[in-house]
Amino acid sequence: MAKLDRLLNLIAALLETSIPLTAEQIRERVPGYSESPDAFHRAFERDKDDLRELGIPIDTVTVEHFEQPRSAYIIERDRYELPDPGFELEELAAIQLAATAVQLEGLDPDDAADGLRKLGGVVAGAAPTPPIGAVPTPPALLELFVAILERRRVGFGYGGARRSVEPHRLQFERGRWYLTGHDLDRQARRSFRLDRMEPPVESGEQGSFEPPEKVHGVRLRPWELGSGDPVAATVLLEAEVARTVLNEDPGLAVVERREDGSVVIELAVRNGIGLRNFVLTLLDRGELLGPPELRDEFVDWLRTLARHRSDVSLPEEDA
Amino acid sequence: MTPQSKGRGRVTATERVERILAVLPWVVQHQGSTVDELCSRFGMNRTELIDDLEFVFYNVGLYPFTPDMLAEVLIEDDRVTVRLGDYFQRPLRLTHEEALTLLAAGRALEDRPGIDPDGTLRRAVAKLSRALGEGSVEAVDVELGAADPQVLAAVRTAVEQSRQVSIDYYSYGRDEPSHRLVEPWRLLAREGHWYVLAFCRTADGERLFRVDRIARAELTDATFEPPADLGDGAFELSEGTRTVELVGGPGIAWVAETFPVDEDEELDDGRRRIVLPATATPWLERLLLRLGPDVEAVDRDSGASLAPITAAAAQRLLERYERDTEPGASR
């Protein structure tokens, strides 16, 4: 295993040195490279690539060497070493269980195992759990995650236009990934669906923005999507649907709870169609109570649909 | 790390480097660990572990490789002691893929009642994200599904202990509440919702229930024998009873983004045609009522227009509004 030998000693040498080493110095200090200059350079380039692939941060710097600039290499310890998370045994076990229970589809399953090994391996006795959650991994997910961590601006196509965004948070909600961030063209916080982003997603320079003090996530209330002053609407939810609706969005304002289990919620409406669609999904178990204008619009919609029956030629109807 | 580089069987040099870089620091910090302990912790067999350690002993060191510059590995009475220079003392940082995988999994389950009742996972995720770098805990948030914490906890316990549960279930598709006795086999999260796969004794068949539509779950003392093999978790979440064809303006695109569809195409006249399976009637009513009068909807098998269904549903809902002199009066 000449290669294994070489790789380990190369890492040790680059970690240990206090000044960057040129290729020639490396060849001197790391046994196993060929005597032939060409073969040495080919092997050395391959080794560097392999180690970078593993996530080892090999820096290249230019040094003056007998008045001739040369590339030299070093591994900065701070960027190589994983700070000790200081896990208690049961905390490591909890991470391990979570990693087996929830899987990111499309990423290599070995990533979880490789990561756990670095964190201190597995804790014996932690029972394996059948996977309970599979989270899809859209192509841009990893790139955006890195951009958030490294404070890089990102650009991508969205709805036919290029957008430039300072990314703040990735959120998986109701089966989809969203990116929330500061939209530089619109100078406002915006959320984007990852499955609607048009490639390529491009990342800018590292450290190009300051993270916000408070990171906001995506909001999924169709009646709120709009501008202008909101109108307060009240909606009655019968007991059967009240639980589901409030489970899904515990932040909804409940203004009345009735004895039969039904509740009245108040919504800040900026988007009438969003409100209509929400109330329609309740079918017979909900009612748009007010204000009268919105209620009238809703009733008009239903009337149009009810009348529509006579406008079309019907096939023989079942009895 | 591409999946291709991770072939099973023969371990490549880089994979061995990866393993050694992870295991060695742990051994250094836990001097005197037994070989067995190390094997089970890092999922290796004895030969692999001892080979790796011996390899380090014979081959790793620093220029000029005088004895004082070489690694020292001692296995005595099955206990391992390692002396190294000032390198390989800490494991390598996580790659972005590894960090994302572990963080997302942890964020999905932290603080979940019945899964992380005492917050151990939440503390672990917080420590992990500190090690990954400031702000990383905020970077990802995963909500597998909304559910009543008590119901989710009860179902989880029922799966673990193979106990029957009595539930009040609201079937959204059929728009009707029911009371059932079920044997939960498996809890799973798909497409933004928690589901429990169970044998329903009331219906005498296998059923998939959405956890957020379980109004009440009560554990009973009766146990059951779970099936030996539940497959790989790829369950059909809905089964179509009829096939619906929609033709409308570009505005109906959301249907194809929201539901699984069989066909979705743009027609020559710029309109869009979507074919999808429809489950129960209330589900179809919701869809048609939202789409409105400008979308043509037909039953694909019979060719019949679905307008009567829309009209009947609209008429039914209207009654409530037209009857109410006072909005919201109880019926």
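Residue positions are counted from 1 within each chain, in the order its sequence is given. Chain labels run from A onward and ligand labels from 1 onward, assigned in the order the entries are written. Residues qualify for local features only when their pLDDT is at least 70, as the model is predicted, and side-chain atom pairs are given and counted only at 80 or more; totals for whole chains, interfaces and linings, by contrast, use all residues. Hydrogens and water are ignored here; the side-chain numbers use all heavy atoms of the structure.

(A) Inspection of the overall build of chain B at higher detail. Each helix and strand counted, chain B has 10 helices and 13 strands in total. A simple rule labels every residue: compare its accessible area, found with a 1.4 Å probe on the protein chains alone, to the largest value its type can have, and call it buried under 20%, exposed over 50%, or partly exposed in between. For chain B, buried positions account for 51% of its 331 residues. Summarising the internal contacts of chain B: among those between residues at least 6 apart in sequence, 57% fall at separations of at least 24. Accessible surface, chain B as shown: approximately 15,300 Å² in total, 46% of it carbon and sulfur. For helices the rule is a DSSP run of H or I covering at least 4 residues; for strands it is a run of E covering at least 2, with both sets numbered from the N terminus onward. Here, two residues are considered to be in contact whenever any of their heavy atoms come within 4.5 Å of each other. Computed with a 1.4 Å probe, the accessible areas rest on the Shrake-Rupley method; for each residue, only the protein chains presented here act as cover.

(B) The nonpolar core, seen in detail. To define a nonpolar core, start from buried Ala, Val, Leu, Ile, Met, Phe, Trp, Tyr and Cys residues and group those joined through side-chain atoms within 4.5 Å. Core analysis: the largest hydrophobic core is formed by 73 residues, its most contacted members being Trp177 and Leu179 of chain A together with Leu109, Leu144 and Trp194 of chain B. If you tally residues by element for this core, the top one is helix α4 (residues 96-109) of chain B, at eight residues. If you look at the next biggest cluster of nonpolar residues, it comprises 52 residues, including Ile56 of chain A together with Val28, Val35 and Val82 of chain B.

(C) Structural view of the interface of chain A and chain B. With 123 residues of chain A at the contact, the number on the chain B side is 119 residues. Two parts placed together each lose some accessible area; with a 1.4 Å probe, that loss summed over both constitutes the buried area. Buried surface at the junction of chain A and chain B, both sides included, amounts to about 11,000 Å², of which 63% is carbon and sulfur. Per-residue buried area on chain A facing chain B is highest for Lys118, Ile132 and Leu283 of chain A; these three make up 7% of the total on that side. Throughout this description, the term salt bridge denotes a Lys or Arg side-chain nitrogen within 4 Å of a carboxyl oxygen of Asp or Glu. Linking chain A with chain B are 10 salt bridges, by the criterion used here. One salt bridge connects Glu322 of chain B with Arg303 of chain A, and the closest N-O pair in it is separated by 3.0 Å. In protein, a polar contact requires one atom able to donate a hydrogen and another able to accept it; more generally it is a pair of N or O atoms within 3.5 Å, and residues adjacent in sequence count only if both atoms are side-chain atoms. Where chain A meets chain B, there are 30 residue pairs in polar contact (both at pLDDT 80 or more).

(D) Broad picture of the packing of aromatic side chains. Residue and element names in this part refer to chain A. What counts as a ring pair is set by centres within 6.5 Å for rings of Phe, Tyr and Trp (its six-membered ring), and what kind of pair is set by the plane angle: stacked under 30 degrees, edge-to-face over 60, tilted for all other angles. Following the criterion strictly, the structure yields 15 aromatic pairs over all chains and no others. Relative to Phe44, the ring of Tyr33 has its centre 6.3 Å away and its plane inclined at 85°; by these criteria the two rings are edge-to-face. Note that Tyr33 is positioned in the loop between α2 (23-29) and α3 (37-53) and Phe44 in helix α3, a separation of 11 residues in sequence. Comparing Tyr33 with Phe44, the two get one shared label, buried. A centroid spacing of 5.0 Å and a plane angle of 85° characterise the contact between Tyr158 and Phe192, whose relative ring orientation is edge-to-face. In this pair, Tyr158 is assigned in strand β6 (residues 154-158) and Phe192 in strand β9 (residues 188-193), connecting sequence segments 34 residues apart.

(E) Looking closely at unusual backbone geometry. With an omega dihedral of 5°, the bond running from Gly290 of chain A to Pro291 of chain A counts as a cis peptide bond. Here Pro291 of chain A is to be found in the loop between β14 (286-290) and α10 (292-311). In this structure, Pro64 of chain B follows Tyr63 of chain B across a cis peptide bond, with omega equal to 0°. Within the fold, Pro64 of chain B resides in the loop between α3 (46-59) and β2 (72-76). Even without glycine at this site, Ser162 of chain B takes up a positive phi of about 50°. Within the fold, Ser162 of chain B resides in the loop between α7 (149-161) and β5 (163-171).

(F) How the structure looks around the packing of helix α1 (residues 2-16) of chain A against α3 of chain A. Residues and elements named next belong to chain A. Throughout, an axis means a line fitted to C-alpha atoms (over the contacting stretch in the case of helices), and angles, computed between N-to-C directions, take values from 0 to 180 degrees. One can describe the packing of α1 onto α3 by two numbers: an axis separation of 11 Å at closest approach and a directional angle of 70°. By the angle between their directions, the pair α1 and α3 is classed as roughly perpendicular. Every residue of α3 that contacts α1 at Lys3, Arg6, Leu7, Leu10 and Ile11 is listed here: Ala43, Phe44, Asp47, Asp50 and Leu51. Orientation categories follow fixed angle ranges, with anything under 35 degrees roughly parallel, anything over 145 roughly antiparallel, 65 to 115 roughly perpendicular, and all other angles oblique.

(G) Inspection of the environment of Arg152 of chain A at higher detail. Residues and elements named next belong to chain A. Within the fold, Arg152 resides in the loop between α7 (141-149) and β6. Separated by 54 residues in sequence, Arg152 and Gln206 place their C-alpha atoms 4.9 Å apart. Apart from residues lying up to four places away in sequence, Arg152 is in contact with Ala147, Pro167, Ser203, Gly204, Glu205, Gln206, Ser208 and Phe209. Engagement of the side chain of Arg152 in a polar contact is seen with the side chain of Glu150, the distance being 2.8 Å.

(H) Layout of helix α5 (residues 120-132) of chain B. Multiplying one less than the number of residues by 1.5 Å gives the expected span of a helix. Along its 13 residues, α5 of chain B runs 18 Å from first to last C-alpha, staying within 8% of the 18 Å computed at 1.5 Å per residue. Among the residues making up α5 of chain B, those that are buried are Thr120, Leu121, Ala124, Val125, Lys127, Leu128, Ser129, Ala131 and Leu132 of chain B. Tucked inside the fold, the buried residues of α5 of chain B contact α5 (89-101) and α6 (110-119) of chain A together with α4 and α6 (136-139) of chain B. In the segment just after α5 of chain B, Gly133 of chain B is the residue with positive phi, at about 130°.

The values are spatial; any link to function lies outside them.
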